[in-house]
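Structural description and commentary
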Amino acid sequence: MSETGEIVGLSMLEKARMDVMETYCGIIFPGLVHTQESLQRAVTFQFQDTDIIIATYPKSGTTWTQEIVTLITRRGDPHLSETVPNWVRAPWLEHIYLEDALKASSSTPRILTTHFPYQLLSSALQGSKVKVIYVSRNPKDVAVSYYHFCKMAEFFPSFTTFQEFLHQFLEGKVPYGSWFDHVKDWTSQTTTMNNLFTITYEELWQDPHDAIKRMSSFLHCPLEENEVNNCVKHSSFRAMKENKMANSTLLPEHVMNHSKGSFMRKGKIGDWKNMFTEEQNQYFKSIYESKMNDWSSEIVWEV
Ligand code: PPS
């Protein structure tokens, strides 16, 4: 909240920009929350060495990680995550309200979020000691989650069918670009960046206790057992679905149409099996193999 009691960022959401898409370096970005200026400012952002960055392709566990990192830095105390919206306590670097959010939450370390592909941040990160957490998710589950999100997020492109969405997704023509490039480019920085921690949604899901412990040591914030347990408890799907500071229900209906879905939708792994046809699965597989054959990591396809 600002001093006047307004929720930071909401007054900047202009109805006139609902249908605008900004194109920057060949990637499209929803114009409601991005402008050419906000994108350019993010590219040249001056990081502080104490900053923590959460980098993700959309629908890969961004909000979950924002919650976890907020909790870790508060040693499991949920006060901040239950009183300040996620986009204020862990603002997106590229969003128009970044400056306002940074002013509103003066706490350190700063937690920043980005959906930028690595190339757009590489020069800003050069020589910096910021700690970056990169979260990825099974792209089939990402696609399904993204498709449902586009139905309710009125400032995202709309798709009539999943088939139509899947085609655009695989072509990299959805907001924030290609999943393939995003994941390949960020994860391959593990050899060049000392301060990059990569983790998957599936690892978080299977063993949140272990994932949170590893994340907290990466952040140089080792926790007591009961503090880890509190982080696990307050970042559970059930807790976050109820937390209006994380579940997007603070956003006005014309921005996020809650009659068309729920941001905290299922929170499962393998939900793609309820959506993909066999034909779509084969189509996905052929594109995946052609794009990822030079990738040194692997996706957790089955758990
Ligand atoms: S966004 O719009 O890019 O910020 O979306 P993002 O937060 O990356 O992804 C949303 C999906 O993450 C699920 N989610 C969770 N799953 C398990 N546990 C917790 N705590 C949790 N919090 C968010 C959310 O439900 C979306 O996935 P789907 O598959 O649509 O349910």
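Residues numbered from 1 in each chain as written. Predicted model: local features only at pLDDT ≥ 70, side-chain atom pairs only at ≥ 80, totals over all residues. Heavy atoms only, no water.

1. Regarding the pairing of strand 5 (residues 131-136)
Within strand 5, six of the six residues are buried, which leaves it mostly tucked inside the rest of the structure. Burial along strand 5 is two-sided: Lys131, Ile133 and Val135 facing one way and Val132, Tyr134 and Ser136 facing the other are all buried. Relative to strand 5, strand 3 (residues 52-56) runs parallel, the two sharing five bridges. Paired with Ile53 across the two strands is Val132, which belongs to strand 5. Alignment of strand 5 against strand 6 (residues 196-200), held across five bridges, turns out to be parallel. Residue pairing across strands places Val132 opposite Leu196, the latter belonging to strand 6. (Buried < 20%, exposed > 50% of the residue type's maximum accessible area, 1.4 Å probe, protein only. Helix = DSSP H or I, 4+ residues; strand = E, 2+ residues; numbered from the N terminus. Pairing = 2+ DSSP bridges.)

2. Some remarks on the site of the ligand
Contacts to the ligand come from 21 residues, most closely from Thr62, Thr63, Ser145, Tyr201 and Lys266. At a separation of 3.1 Å, an oxygen atom of the ligand approaches a polar backbone atom of Gly61. In isolation the ligand has 640 Å² of accessible area, and contact with the protein removes 97% of it. Counting residues per element, the ones that place at least two in the shell around the ligand are helix 2 (62-73) and helix 13 (237-242). At three residues, the largest contribution of residues to the shell around the ligand is made by helix 2. Across the shell around the ligand, the residue classes tally to eight nonpolar, nine polar and four charged. (Near = heavy atom within 4 Å. Polar contact = N/O pair within 3.5 Å; in protein donor to acceptor, adjacent residues only side chain to side chain. Areas by Shrake-Rupley, 256 points an atom, 1.4 Å probe, with all protein chains shown as cover. Nonpolar A, V, L, I, M, F, W, Y, C, P; charged D, E, K, R; others polar.)

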